[in-house]
Amino acid sequence: GGVPPATDLVLGAAAGCLACVLTNPLEVVKTRLQLQGELQPPGTYPRPYRGVLRAVGAVCRADGLRGLQKGLAAGLLYQGLMNGVRFYCYSRAEDAGWTGYPGGTVAAGAVAGAVGAFVGSPAYLVKTHLQAQTLAAVAVGHQHNHESISGAFESIYKQHGVAGLWRGVTGAVPRVAVGSAAQLATFASAKDWVCERQWFGEGSWAAVLAGGMVSGVAVAVTMTPFDVVSTRLYNQPVDADGTGKLYRGFLDCILQISSKEGLLGLYKGIGAVYLRLGPHTVLSLFFWDELRKM
């Protein structure tokens, strides 16, 4: 508390972007793992990406070291928009006293995350397209073959209009709402818990990091199924009218993945999700907390 919501918008955007630069390589790996074996039974498809470390090596061999930062510009745009709006809304909820009610922190986090996800959805769409693009030998999922971030926005807009830029948002809103609620609620609770037991001093960076690490576990477990669905909806090919060729929407995507890939299909890439979310949660919340103090 104590920081004007407008300031929190800027601080939240800055915190998300700082964390994104360091965690984007894991975002690339996560996207590839989640698209691998799309709508195919386990064991019936080639696996160019086997686990996080091998996937990192596969990306480097196919795209070079620069391949680990694919979609970074779109990722920074998304983090700036989504986290700026998310932390702004959460700060407004704090100032209004909503977080003081039972369950208020979770509700405020969910609403803030949903609004942020909607605003940042076009950037996430382009980021997913760019991160999935690679050589045909190791390609997974549909290849959109954009030349650049600006070319991607232009191509999508020309083909499908403004609505096309928000394709897949039905998967993004529940994804970030669930993740944001888990992140903000567990971060605050874990930070208070370790301070109450005097493991770390009140307001110390160690307490912030401990809260962030616990939060990362909670977010990975709760958000991975939504993350897989979101990636699939964003990356699927579409008809001339913008209708998805593989999935009709959020629920259809969940049902198809469950029936064809099994329930574990909804947890594809969870290792990469946590290895990305753990540091990202720690870094974004740490930067946000420290920037607010400053």
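All values derive from a computational prediction rather than experimental measurement. (Residues numbered from 1 in each chain as written. Predicted model: local features only at pLDDT ≥ 70, side-chain atom pairs only at ≥ 80, totals over all residues. Heavy atoms only, no water.)

Asks: Any chance you could explain the UniProt feature "repeat: Solcar" (unreviewed entry) in the protein chain here in plain terms?
Replies: The UniProt feature table records "repeat: Solcar" (unreviewed entry) at residues 3-96, 100-193 and 203-294. Within residues 100-193, the helical portion is 76% and the strand portion 0%, while the C-alpha atoms at the span's ends are 17 Å from each other. Structurally, residues 203-294 comprises 73% helix and 0% strand, and the distance from its first C-alpha atom to its last is 13 Å. (UniProt positions renumbered as here; feature names shortened; annotations may be inferred. Helix = DSSP H or I, 4+ residues; strand = E, 2+ residues; numbered from the N terminus.)

Asks: Would you mind showing me how to read the environment of Phe287 here?
Replies: Its place among the elements puts Phe287 in helix H9 (residues 270-293). Separated by 172 residues in sequence, Phe287 and Val115 have C-alpha atoms that sit 21 Å apart. Not counting the four nearest positions on each side in its chain, Phe287 is found in contact with Ala15, Leu18 and Ala19. (Contact = heavy atoms within 4.5 Å.)

Asks: Got a minute to help me understand the packing of helix H3 (residues 72-95) against helix H4 (residues 104-132) in this structure?
Replies: Between two packed helices, both the angle of their axes relative to each other and the distance between the axes serve to describe the pair. At a minimum axis distance of 8 Å, the contact between H3 and H4 shows a crossing angle of 160°. Relative to H4, the element H3 lies roughly antiparallel. Our pair here, H3 against H4, has a crossing hand that is right-handed. Counted by class, the contact of H3 with H4 contains 17 nonpolar, six polar and two charged residues. (Axes fitted to C-alpha atoms, helices over the stretch in contact; angles between N-to-C directions. Parallel < 35°, antiparallel > 145°, perpendicular 65-115°, else oblique. Left-handed = near helix turned anticlockwise from the far one by under 90°. Nonpolar A, V, L, I, M, F, W, Y, C, P; charged D, E, K, R; others polar.)

Asks: Looking at this structure, I do not really get the packing of aromatic side chains. What am I missing?
Replies: The geometry of two aromatic rings is summed up by the distance between their centres and the angle between their planes. Enumeration over the complete set of coordinates arrives at four aromatic pairs. When the ring of Tyr124 is compared with that of Tyr234, the centres are 5.2 Å apart and the planes differ by 35°; the resulting orientation is tilted. Note that Tyr124 is positioned in helix H4 and Tyr234 in helix H7 (residues 205-235), a separation of 110 residues in sequence. In terms of burial, Tyr124 and Tyr234 fall into one category: buried. Aromatic side chains Phe226 and Phe250 sit 6.1 Å apart centroid to centroid with 15° between the ring planes, which places their arrangement in the stacked category. Pair noted here: Phe226 is in helix H7 and Phe250 is in helix H8 (residues 250-261), with a separation of 24 residues, a long-range link. Judged by its relative accessible area of 23%, Phe226 is partly exposed. Look at Phe250 and you get buried, because its relative accessible area is 18%. Three or more aromatic residues joined by ring pairs form one cluster here, namely Tyr78, Tyr124 and Tyr234. For Arg86, the ring lying beneath its charged end belongs to Phe87, and the centroid distance is 4.7 Å. Positioned above the aromatic ring of Tyr124, the side-chain terminus of Lys127 is 4.1 Å from the ring centre. (Phe/Tyr/Trp six-rings, centres within 6.5 Å; stacked < 30°, edge-to-face > 60°. Buried < 20%, exposed > 50% of the residue type's maximum accessible area, 1.4 Å probe, protein only. Lys NZ or Arg CZ within 6 Å of the ring centre and 35° of its normal.)

Asks: Looking at this model, I keep getting lost on the pattern of salt bridges. Mind explaining?
Replies: Side chains that carry opposite charge are capable of pairing whenever their charged atoms lie near each other. Evaluation of the coordinates by the stated rule reveals 14 salt bridges. In this structure, the salt-bridge partner of Arg197 is Glu196, at a minimum N-O distance of 3.9 Å. A relative accessible area of 41% places Arg197 in the partly exposed class. Residue Glu290 is joined to Lys293 by a salt bridge in which the shortest nitrogen-to-oxygen separation is 3.4 Å. On the criterion of helical spacing, the pair formed by Glu290 and Lys293 is a turn pair, its members being three residues apart in helix H9. Within the structure, one salt-bridge network assembled from shared partners comprises Glu27, Lys30, Lys127, Arg175, Asp227 and Arg276. (Salt bridge = Lys/Arg side-chain N within 4 Å of Asp/Glu carboxyl O.)

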